[in-house]
Amino acid sequence: MKINRIAAVYYSATGNTKRVILTLGKQLSRLLDAPLEEFDYTLPASRNKHYSFSSDDLVLFATPVYAGRVPNKMLSFVETGFSGNGALALPVVTFGNRSFDQGLIELKAILEKNGFSPVAAAAVATSHVFSDSISPGRPDEADWEKLNRFICDTAEKVQALTTPVPVLSLPGEGEELIYYTPLGIDGKPTMFLKAKPQTHAQLCDGCGICVAACPMAAIDEEDPLLVPGTCIKCQACVRICPTKAKYFDDANFLSHVRMLEENYTERKEPQVFV
């Protein structure tokens, strides 16, 4: 099958998912001799439009998983903001070394419903945005070696494809979708939905970088110390702040982070399906 365009579509609050999907997209672009185009729906303004693709496109569609699923606050747009029109798709999820749970199954199902034809899929471990001690530096050299083979196999599959496109099957499809329940350091369920970033006032210079980076437009434009909107704990503001002024102090959130640090340091490998 001849592909005329590679499209990299992604939500990436801290840049981890963007780095993964663009690296994969560039390799596919070379192998299939097709130009690569980016579609970043991270910021609110990018979610005010509808994106349509065509049957000669190959769309790499990527998202991190939150609580093992497509991020709840992005779900509605992922479900309604894209039309495949027969385009091939490569769903990709990233996860912080705990588990991608049912996130990849959910993303694949949404893409199929929106008129895409998934031909391959991947779940990629990245450094955890909650803690620098969980899977630091991932994806690493060993990850990329496996992912490069995956992309080569995908390119070969695409070139040999004829219509109709065979259905891609993933383990666990057909099971009820559930969200992962965060646990505290005591092993009991913990809730931190209302947690919001705090600011070291003496470190904040009011530059507004955090305001521009927030996927939910939750931070006050006039006073970045205030967060009147919905926070999804994506860590974009914490990670991007040049003076390290943003931080979280919610006890339940910090308890969950400590639980992750104690229980999820053992390396989780990328999972690929072709």
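Scope of this entry: the structure provided in the associated data block. As the structure is a computational prediction, the values presented were derived from the model and not from experiment. Within any chain, residue numbers begin from 1 and follow the written order of that chain's sequence. Only residues with pLDDT of at least 70 get local features here, since the model is predicted, and only at 80 or more are side-chain atom pairs given and counted; chain-wide, interface and lining totals rely on the full set of residues. For side-chain calculations, the full set of non-hydrogen atoms in the structure is used, while hydrogens and water are omitted.

### Things to note about the overall build of the chain
Here comes step 1: A run of H or I in DSSP becomes a helix once it reaches four residues, and a run of E becomes a strand once it reaches two; helices and strands are each numbered from the N terminus. The helix and strand tally for the chain stands at seven helices and 11 strands.
Here comes step 2: Relative to the compact-globule value of 19 Å for 274 residues, the chain shows a C-alpha radius of gyration of 19 Å, a close match.
Here comes step 3: Oriented by its inertia axes, the alpha-carbon framework of the chain measures out at about 60 × 40 × 35 Å.
Here comes step 4: Each residue is placed in one exposure class: buried if its accessible area under a 1.4 Å probe, protein chains only, is under 20% of its type's maximum, exposed if it is over 50%, and partly exposed if it falls in between. By the burial criterion, 50% of the 274 residues in the chain qualify as buried.
Here comes step 5: Contact definition: two residues touch when any of their heavy atoms are within 4.5 Å. In the chain, the proportion of contacts linking residues at least 24 apart, taken out of those at least 6 apart, comes to 81%.
Here comes step 6: Only the protein chains shown count as cover for residues, with accessible areas throughout obtained via the Shrake-Rupley method and a probe of 1.4 Å. Of the roughly 12,700 Å² of accessible surface on the chain, a fraction of 51% belongs to carbon and sulfur atoms.
Here comes step 7: When charges are tallied, Lys and Arg are placed among the positive residues and Asp and Glu among the negative ones, while His and the ends of the chain are skipped. Working definition for charges: the position is that of NZ of Lys, CZ of Arg, CG of Asp or CD of Glu. Taking the average location of the 27 positive side-chain charges in the chain and that of its 32 negative ones, the two points are 1 Å from each other. For this measure, only C-alpha atoms enter the radius of gyration; the expected value for a globule follows 2.2 Å times N^0.38, where N is the number of residues.

### What about the packing of helix 2 (residues 72-80) against helix 3 (residues 103-113)?
Here comes step 1: Note on geometry: axes are C-alpha line fits, over the in-contact stretch for helices, and angles between N-to-C directions span 0 to 180 degrees. With their axes 9 Å apart at the nearest point, helix 2 and helix 3 run at an angle of 30° to one another. Residues L75, V78 and E79 of helix 2 touch helix 3, and the partners they reach there are E106, L107 and I110.
Here comes step 2: Of the residues that constitute the contact of helix 2 with helix 3, the class distribution is four nonpolar, no polar and two charged. When residues are sorted by character, Ala, Val, Leu, Ile, Met, Phe, Trp, Tyr, Cys and Pro go into the nonpolar class, Asp, Glu, Lys and Arg into the charged class, and all the rest, Gly among them, into the polar class.

### So, the packing of aromatic side chains
Between two aromatic rings, the relevant description is the distance of the centres plus the angle of the planes.
Here comes step 1: Between rings of Phe, Tyr and Trp, where Trp is taken as its six-membered ring, a pair exists when centres lie within 6.5 Å; planes separated by under 30 degrees are stacked, by over 60 edge-to-face, and by other angles tilted. By the definition in use, this model includes 16 aromatic pairs.
Here comes step 2: Ring centres 5.2 Å apart and planes at 80° place the aromatic pair F39 and F53 in the edge-to-face group. Pair noted here: F39 is in strand 2 (residues 36-40) and F53 is in the loop between strand 3 (51-52) and strand 4 (57-64), with a separation of 14 residues, a long-range link.
Here comes step 3: The exposure class of F53 is buried, given its relative accessible area of 4%.
Here comes step 4: Summarising the aromatic geometry, the rings of F248 and F253 are spaced 5.0 Å apart at their centres and angled 40° between planes, so their arrangement reads as tilted. Neither residue differs from the other here; F248 and F253 are each classed as buried.

### Some details on the side chain of T199
Here comes step 1: Here T199 is to be found in strand 9 (residues 198-199).
Here comes step 2: T199 gets classed as buried once you look at its relative accessible area, which sits at 14%.

### Observations regarding the environment of L161
Here comes step 1: Note that L161 resides in the loop between helix 4 (141-160) and strand 9.
Here comes step 2: If we ignore the near neighbours within four places in the chain, the residues touching L161 are M1, L88, V119 and P166.

### Digging into helix 2
Here comes step 1: Among the residues of helix 2, those classed as buried are M74, L75, F77 and V78.
Here comes step 2: Tucked into the core, helix 2 has its buried residues touching strand 3, strand 4, strand 5 (82-83) and helix 3.

### Quick look at the environment of V70
Here comes step 1: With respect to the helices, strands and loops of the structure, V70 is situated in the loop between strand 4 and helix 2.
Here comes step 2: Relative accessible area serves as the criterion here: at 1%, V70 is assigned to the buried category.
Here comes step 3: In this structure, the C-alpha to C-alpha distance between V70 and Y179, residues 109 residues apart in sequence, is 9.7 Å.
Here comes step 4: Not counting residues up to four positions away in its chain, the partners in contact with V70 are T63, L75, V78, G103, E106, L107 and Y179.

### Points about the pairing of strand 1 (residues 5-10)
Here comes step 1: Of all the six residues making up strand 1, six are buried; the element is thus mostly covered by neighbouring parts of the structure.
Here comes step 2: Covered by surrounding structure in strand 1 are R5, A7 and V9 together with I6, A8 and Y10, the residues of both alternating faces.
Here comes step 3: Whether two strands pair depends on DSSP finding at least two bridges between them. One ladder, built from six bridges, connects strand 1 with strand 4; its direction is parallel. Bridge pairing in strand 4 places Y10 opposite A62.
Here comes step 4: As paired strands, strand 1 and strand 2 are joined by five bridges and run parallel to one another. Within strand 2, the position partnered with A8 by the bridge is E38.

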